[in-house]
Amino acid sequence: MGGPARRTTEIDVAEAKKAFFLMVGFIGLIWILQVANWADHYGLDFSYGILPRNIGRLPEIFTAPFLHFSWDHIEGNSGPLFVFGLLAAYRGVKKFLGVTLLVAITSGLAVWLFQGNQLTVGASGLIFGYFGYVLARGLIDRNLIDALAAVVMGLSYAYILTVAIPGTPGVSWIAHLGGLVGGIAAGWIFRTRRPSGAKPPGDPGDSAGRPPGATVAVPTSPDHPRADLYKELGDLGL
């Protein structure tokens, strides 16, 4: 394997390792908070959950994703959160942090603006955001592997996707929808940008649109001192 290709592979592996440990830490954090929340009789939910249209509770859009209502709640979210988070982070941890911030804002604001008058916590909005980001990134960057991975994992966790349907008791489908919208937007915002004027992959021409091996005629007048030399070079195809 050549130098540049080997270097790209090394970067991908390094990012994948960072993404793995990041998500292990993320899952560990929400479980530690769950233990503290349970010990406090879920007082953290009432203190740091989202209360719709309450100005004083608007900052809680950043804390609510780390809290859960019960052990069943956090158990149901932990698997898909780890998987979709890993898929979202392995191509760039810095981008992943930006995606997480954007999804937390869109999901939280959707709940704060449109949810009924009920307390909302949970990482489901982030899960849908990561799913939307991985799928959109794969389609926008034309990376078939990422797009297929998102679809396959989405089908694997179909029970998570079904709760986004309006009317599921005790579930904020608005938070899921807001997260999905934020994830798709993040796929566009954090897309891979190619240098301006760069040739698309497989383009055989040069910057002037000439095919490889093409020669350029150099016009000369008959009395030019190097006219004979140019003629001979032209006859040789040089």
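Check the entry above for the structure.
Report follows, based on the coordinates. Remember, predicted model here, so these are calculated numbers, not experimental data. (Residues numbered from 1 in each chain as written. Predicted model: local features only at pLDDT ≥ 70, side-chain atom pairs only at ≥ 80, totals over all residues. Heavy atoms only, no water.)

Looking at the overall build of the protein
Thinking step 1. When its secondary structure is counted, the protein shows 9 helices and 0 strands.
Thinking step 2. Each of the 238 residues in the protein was classed as buried or not, and the buried ones make up 35%.
Thinking step 3. Pairs at least 24 apart in sequence give 75% of the contacts found in the protein among residues at least 6 apart.
Thinking step 4. Just so you have it, the protein exposes about 13900 Å², and 68% of that area is on carbon and sulfur atoms. (Helix = DSSP H or I, 4+ residues; strand = E, 2+ residues; numbered from the N terminus. Buried < 20%, exposed > 50% of the residue type's maximum accessible area, 1.4 Å probe, protein only. Contact = heavy atoms within 4.5 Å. Areas by Shrake-Rupley, 256 points an atom, 1.4 Å probe, with all protein chains shown as cover.)

Remarks on the side chain of Ser-107
Thinking step 1. Secondary-structure assignment places Ser-107 in helix H4 (residues 93-114).
Thinking step 2. Judged by its relative accessible area of 8%, Ser-107 falls in the buried class.
Thinking step 3. Excluding residues within four positions of it along the chain, Ser-107 makes contact with Gly-125, Ala-175, Gly-178 and Gly-179.

Focus: the pattern of salt bridges
Thinking step 1. All chains considered together, the criterion is met by 4 salt bridges.
Thinking step 2. Where Arg-57 meets Glu-60, a salt bridge forms, and the shortest distance between an N and an O atom there is 3.9 Å. The burial state of Arg-57 is the same as that of Glu-60; both residues are buried.
Thinking step 3. Its salt-bridge partner being Arg-137, residue Asp-146 comes within 3.0 Å of it at the nearest N-O pair.
Thinking step 4. Residue classification places Asp-146 among the buried positions, given a relative accessible area of 3%. (Salt bridge = Lys/Arg side-chain N within 4 Å of Asp/Glu carboxyl O.)

Describing the packing of aromatic side chains
Thinking step 1. Across all of its chains, the model carries 7 aromatic pairs by this definition.
Thinking step 2. Relative to Phe-82, the ring of Phe-20 lies with its centre 6.0 Å away and its plane at 85°, an arrangement referred to as edge-to-face. Taken together, the positions of Phe-20 in helix H1 (residues 3-39) and Phe-82 in helix H3 (residues 71-89) put the pair 62 residues apart, joining distant regions of the chain.
Thinking step 3. Residue Phe-20 is classed as partly exposed on the basis of its relative accessible area, which comes to 39%.
Thinking step 4. Between Trp-31 and Trp-71 the ring centres are 5.8 Å apart and the planes differ by 35°, which places this aromatic pair in the tilted class. Of this pair, Trp-31 sits in helix H1 while Trp-71 sits in helix H3, and the two are 40 residues apart along the sequence. (Phe/Tyr/Trp six-rings, centres within 6.5 Å; stacked < 30°, edge-to-face > 60°.)

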